[in-house]
Structures are given as C-alpha cells and as structure tokens.
Amino acid sequence: MSTAIGRLVRAELRLMTRDPLVLTFVFAFPIVTMLIIGGAFGTRPDPAFNGTNPSHWYVASYLTVVIAATGLVMLPVHLASYRERGVLRRFAAAGFPRWSFAVAQLIVGLLTTVVACALLLAVAEPVYGIPAVHDPWRVAVALPLGAIAFVSLGVLLGTLLPSARAAQAVGLLLFFPSFLLGAGGPPPHVMGSVVKQIAGPLPLTLLTNAVRAPWLGLGPATGSLIGVAALTVAATALAARRTIL
Amino acid sequence: MVDGLDLDVPAGQIVGLIGANGAGKTTTVECIQGLRKPDAGQLRVLGFDPVTQAGQLRPLVGSQLQHSALPDRLRVAEAIDLFRTPRARDGGELLERFGLAPRHRSVFSSLSGGERQRLFLVLALLNRPRLVILDELTQGLDPAARRNVWAAIRQLNDEGTTVLLVTHEMDEAEALCDQVTVMRAGHVLDAGAPADLVERHASTAVIRFSMPDPPAELLDQVRRLDGVTEVSRDGPRVTVRGHRRIIAYVGAALVRWEPVPDDLSVYVPSLEDALLDLLNDDQRDQPATASVNSEMIGGRR
C-alpha cells in the first residue's frame with residue numbers, strides 16, 4: 001500500500017504492536033468485566049433478563065463495550081496526544097491529505113474492534129458458551145454500524161479535546177456511565193424509572209439493544225437500530241467536517 | 001500577530017526570516033504552509049493558495065517545523081517509508097549524508113535533539129521539494145553538524161531549490177542567505193542582502209589598541225582619517241570608531257609609529273549588530289543614558 005492512507009494504516013498498526021499496553025483497556029477490560037458480571041447472576045433463565053440466561057445476556061452485550069472502549073477512550077487519547085505533540089502538524093505539512101489521518105484511524109479503530117471482539121468471544125465460549133444468534137442479519141448490520149459510529153465519535157473527540165489528559169478524562173467520563181447504564185451494568189428491568197429514562201437514549205444503550213435483542217431473540221429492536229444508523233451518519237459527518245490535519 | 005507583511009521569496013534563493021521572539025516568523029511560515037489561515041491579505045506560494053490549494057502545494061514544499069514530533073516508537077527507516085512519495089530521493093543516501101545511517105533502526109524517542117533535527121531535515125528534503133521551509137534549522141546541533149547541514153543547504157540551493165530559513169542564529173543567516181527579512185511584532189523592519197543590512201544599520205567598526213603614552217600627533221592624525229567618527233582614550237588604551245574602511249586606514253597610520261601596538265583588535269559589525277540596531281528602534285525614542293568613563297578626544301558624527 002503506497003497511498004497516504006495505506007502508509008499511515010501500516011505505520012499505526014506497526015506502532016500498536018510495539019506498544020501493546022495501550023490496547024489493554026480495549027482488550028482486557030471488556031473480557032475481565034464480562035467474566036465477573038457474567039458469572040455474578042448465574043446461568044439460569046431469569047425474568048430480570050427477559051427470561052434469558054444472564055451469562056448469555058452479558059456475552060451478547062459486551063461486544064459493544066469493546067466498541068465503546070475503542071471509540072470513547074482509546075482513539076480520543078491517541079489522536080489528542082498526536083495533536084498535542086505536533087505529530088499531526090508534521091503529517092499535514094508533509095502533504096498527507098487532510099482527511100487521510102482520520103480515515104486511517106477509522107480503519108485502525110475498526111480492525112482493533114474486530115480483533116478485540118474475536119478475543120472476547122474466544123474467552124466467552126469455553127466459560128459461558130456463545131448464545132445462538134436468532135437474527136444474524138440485524139446483528140450483522142448493527143455491529144459494523146455501531147463500530148463506525150463510535151470510531152467516528154472517537155475521531156471527533158480527538159479533534160476537539162486539547163490534550164491527551166483531557167481526552168482521557170472526558171473519554172472515561174463518557175465511557176463509564178454509558179457502560180454501566182447501557183451495556184455491562186444491571187439489566188434495564190431492575191433499574192429505577194428515572195435511571196431507565198436516562199439510560200434509554202444513550203448511544204451505547206441503543207447500540208447494545210440493537211445487537212443484543214436480535215441476537216437473543218428478544219425482538220427486532222428496529223427503533224434502536226434506526227437510532228444507531230442516525231448516530232453513525234451524524235458522527236461520521238461531524239468527524240469528516242472536523243478534519244484533523 | 002502578523003500585520004502588513006510583504007515577503008517576496010525569489011525562486012532559487014535562500015531567504016532568511018529573522019527577528020526577536022514573538023516577531024511572527026513561525027506564524028508567517030505556518031501561513032505559507034497552509035497550516036494557519038490568514039485573516040486577510042494575499043498569499044501565493046509557487047503560484048498556489050496555501051489554504052484552498054493545499055493538495056497541490058504541499059507535495060512541492062518540504063518543511064522542517066518547529067514544535068513537531070513523530071510517534072515515539074516509529075523507527076528512523078520507517079519514518080522514511082511513511083513520508084516518502086513516488087518522487088522521493090534515496091532515503092538511505094540522505095540518512096548517510098546527515099549522519100543518521102547508523103541510527104536507522106532507532107525509535108524516534110531514543111534520538112537526541114540534534115538527531116531529531118537532522119531527521120526532520122531529511123524528511124523535509126526527501127520528496128525533492130521545490131521550496132524548503134526550515135524553522136530553527138540548526139537548533140540543538142553541535143558545531144560540526146551545523147557546518148554539515150549548512151553545506152547540504154548550499155548544495156540543495158545550487159540544485160535550484162528555493163529555501164526559506166527562519167532563524168535566531170545570525171551567523172547562520174549571514175552564511176547562508178541571499179536575502180534577509182527582519183521582523184518585529186508582526187511587521188517587516190527591513191529587508192535586503194545581509195551585507196546591505198549591515199551597511200545600513202551597523203556600519204561602525206571598532207578598533208582598539210594600546211600605547212604606553214599615545215602621541216597626540218598620532219591621535220590627531222587618526223581622528224582626521226576618512227570615515228572615523230570617534231576617537232577616545234582611557235589611559236594607554238585607544239578606541240577608534242567609524243566606517244569599516246577605517247580598519248585599513250588606521251592600520252596604515254599605526255605602522256608608521258614605532259613600536260607598533262601588539263594588542264590591536266578589530267571588531268567588524270555583523271548581521272547581529274544590524275538586527276540589534278533595528279530591534280532597538282523603539283528604545284531610540286527614549287532619552288539616551290550613557291556613562292562615559294573615557295576621555296573624549298574627538299568625534300565627528
């Protein structure tokens with residue numbers, strides 16, 4: 001690959017393998033928390049989990065945790081650190097097209113998500129088993145749409161936040177409430193009405209619902225899927241407008 | 001802030017941009033590279049608008065930026081691969097030329113300040129640019145590396161590349177530049193060849209020598225020499241100021257008096273003196289305060 005994007009993607013992937021600790025949050029956090037929470041509620045079908053096996057509920061929920069960790073934490077910190085240190089200025093001055101770095105990050109973010117999701121499923125399989133996918137088409141549409149939405153959000157945050165430390169603070173502030181209310185926390189049925197109302201429209205709640213419901217046969221979740229699609233269009237458009245270079 | 005800047009960089013020349021900190025030099029070169037959008041005015045670089053035609057312009061410009069970096073774990077040879085375009089020169093040869101070949105497997109974070117500067121220079125020259133912008137080119141380089149970089153810049157210029165050099169190092173500007181533009185607080189104070197700037201703003205040479213009892217006849221003779229503006233004496237120590245041509249005249253006058261002084265020193269004005277003179281313009285409006293310890297013998301201004 002000798003295009004600007006190709007060269008950037010190749011360099012970024014190489015750098016990532018050279019600094020694997022950077023990926024800990026994206027790779028290890030979802031797996032560890034899935035193992036803990038998935039085991040906390042047992043494996044017997046539970047009405048609080050819409051009558052499904054709680055462990056399977058969490059296996060079907062945690063792919064979106066990987067996506068959110070990549071988009072809300074890893075990418076903003078990475079991009080803000082590059083901007084803060086003048087790496088992006090150097091790329092810009094060297095003639096890399098204005099959009100090339102954002103597109104390269106989109107590709108790297110998506111690849112990271114795919115690998116981290118595969119790893120999560122590989123760990124879940126022997127421990128809790130992977131639940132059968134009832135509506136594979138809807139899951140297959142929701143997951144990449146959500147990944148593009150959150151990676152675009154990450155690129156957008158990386159362009160807006162002034163420093164790596166600010167990006168880390170804001171990223172974690174966005175990630176943990178989203179994670180607890182919309183993916184890895186208690187199921188919506190045990191939440192109070194106010195908390196449920198707050199959790200409902202959060203991007204990660206919409207994405208998790210759009211993946212989990214068709215996966216576990218709990219309904220098509222068309223409304224959530226439309227919400228995710230709208231978020232994808234908006235986040236991608238905004239990230240494209242705020243070109244980094 | 002840069003205001004009312006009129007900067008013309010003729011093709012094939014080395015043009016220097018000099019001035020005090022905060023003069024607007026880096027802002028100017030950022031505008032030239034399209035990294036910053038000017039609020040007003042017209043800017044054309046190699047015939048292109050740096051903001052609206054950045055895509056066409058940037059491949060033709062090589063930049064060695066101040067305040068920039070590469071990813072910490074990127075190796076030197078990988079940086080060459082990352083930045084090279086199809087029109088690139090041989091990266092290995094450039095690394096060799098700037099003494100970085102032994103470091104080609106080193107990661108960026110392990111390079112010293114001087115090595116980073118040289119790597120940025122290599123990257124600036126890599127894609128055969130028509131214009132090279134060098135911002136604080138030799139900051140952090142040891143004297144040998146500086147001379148090496150200067151020689152490379154001259155060679156590059158001989159090959160037809162236009163160079164815009166932003167520098168605080170006046171000896172560097174004097175050694176390399178065909179033209180120099182002096183900036184202060186966003187304005188151009190003066191521009192011209194380094195020798196012309198020195199002539200206009202710092203033409204005074206200072207000659208000092210000692211004689212046990214300087215003969216009044218000699219001092220009178222020196223005072224009357226063409227170009228001498230001031231002769232002062234402090235005990236055996238004599239100081240003569242005037243246009244640079246007095247150096248030859250004073251030397252000629254002294255050899256007729258035995259014994260000739262063996263501590264004759266000559267201070268020839270440089271571009272740095274010209275710059276200081278230009279930058280001190282504001283202070284000139286304030287009342288002059290001077291403490292004169294020496295006895296004034298003669299002066300013509």
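Reading the values: the criteria
- Residues numbered from 1 in each chain as written.
- Chains lettered and ligands numbered in written order.
- Predicted model: local features only at pLDDT ≥ 70, side-chain atom pairs only at ≥ 80, totals over all residues.
- Helix = DSSP H or I, 4+ residues; strand = E, 2+ residues; numbered from the N terminus.
- Expected span 1.5 Å × (residues − 1).
- Buried ≥ 20, exposed ≤ 12 C-beta atoms within 10 Å, placed from the backbone.
- Contact = placed C-beta atoms within 7 Å.
- Pairing = 2+ DSSP bridges.
- Domains from an automatic or database assignment.
- Nonpolar A, V, L, I, M, F, W, Y, C, P; charged D, E, K, R; others polar.
- pLDDT = per-residue confidence, 0-100.
- Axes fitted to C-alpha atoms, helices over the stretch in contact; angles between N-to-C directions.
- Core = buried A, V, L, I, M, F, W, Y, C linked by C-beta atoms within 7 Å.

All names here are of chain B. For helix α5 (residues 113-126), built from 14 residues, the straight-helix expectation of 20 Å at 1.5 Å per residue is met to within 8% by its first-to-last C-alpha distance of 20 Å. Within α5, eleven of the 14 residues are buried, which leaves it mostly tucked inside the rest of the structure. Residues E115, Q117, R118, L119, F120, L121, V122, L123, A124, L125 and L126 constitute the buried set of α5. Lining the buried residues of α5 we find β2 (61-64), α3 (76-83), α4 (91-97), β3 (131-135) and α6 (143-158). Just past α5, the residue R128 takes up positive phi, approximately 50 degrees.

A separate point is the pairing of strand β6 (residues 187-192) of chain B. Regular strands show a simple pattern: their side chains alternate between the two faces of the sheet. All names here are of chain B. Sheet analysis places strand β5 (residues 179-184) next to β6, joined by five bridges and oriented antiparallel. Opposite T181, over in β6, you have A191 as the bridge partner. Linking two consecutive strands that pair antiparallel, namely β5 and β6, is a turn of two residues; a positive phi of about 50 degrees is found at A185 within it.

The subject of this paragraph is the domain arrangement of chain B. The figure often quoted for interface size is the accessible area lost as the parts come together. Residues and elements named next belong to chain B. According to the domain assignment, chain B contains domain 1 (14-192) and domain 2 (201-299). The straight-line distance from the C-alpha centre of domain 1 to that of domain 2 is 40 Å. With nine residues of domain 1 at the interface, the matching set in domain 2 holds six residues. Breaking the side of domain 1 that touches domain 2 down by element, the ones donating at least two residues are α7 (170-176), β5 and β6. Per element, the largest residue contribution to the side of domain 1 that touches domain 2 is three residues, and it comes from α7. Of the residues in the side of domain 1 that touches domain 2, the class split is six nonpolar, no polar and three charged.

Quick look at the interface of chain B and chain A now. Each partner contributes to the interface: chain B provides 19 residues, whereas chain A provides 15 residues. At four residues, the largest contribution of residues to the side of chain B that touches chain A is made by α3 of chain B. Each residue belonging to the side of chain B that touches chain A can be placed in one class, and the counts come to ten nonpolar, five polar and four charged.

Moving on to the confidence of the model for chain B. Residues and elements named next belong to chain B. Across chain B, pLDDT averages 82, with 92% of residues at or above 70. No element of chain B has a lower mean pLDDT than strand β11 (residues 295-299), which averages 34, and none a higher one than α3, which averages 93. This model gives residues 285-301 a pLDDT under 50, and the stretch forms 19 contacts once residues within four places in sequence are excluded. Interface confidence in the predicted complex, given as ipTM, is 0.81; pTM for the same model is 0.77.

Looking now at unusual backbone geometry. For A221 of chain A, which is not glycine, the phi torsion reads 50 degrees and is therefore positive. Mapped onto the fold, A221 of chain A is located in the loop between α9 (203-216) and α10 (222-241). The class of A221 of chain A is buried, set by 22 C-beta atoms lying within 10 Å. Residues other than glycine seldom take positive phi values, yet R128 of chain B does so here, at roughly 50 degrees. For R128 of chain B, the position within the fold is in the loop between α5 and β3. Of the residues examined, R128 of chain B has 14 C-beta atoms within 10 Å and is grouped as partly exposed.

On to the sheet that holds strand β1 (residues 14-19) of chain B. All names here are of chain B. In space, the six strands of this open sheet follow the order β2-β3-β4-β1-β5-β6, with mixed pairing throughout. Of all the strands in the sheet, just β2 and β6 have a single pairing partner and so form its edges. The mean angle between the axes of side-by-side strands here comes to 15 degrees, regardless of whether they run parallel or antiparallel. Where β2 and β3 come together, four bridges link them in parallel fashion.

The next thing to look at is the nonpolar core. In this structure, V66 and A68 of chain A together with L165 of chain B are the most contacted members of the largest nonpolar core, which totals 134 residues. At 19 residues, helix α3 (residues 54-85) of chain A tops the list of elements feeding residues into this core. In terms of domain composition, this core takes at least three residues from each of domain 1 (14-192) and domain 2 (201-299) of chain B. Grouped together as the second largest cluster of nonpolar side chains are eleven residues, I207, V228, V231 and V238 of chain B included.

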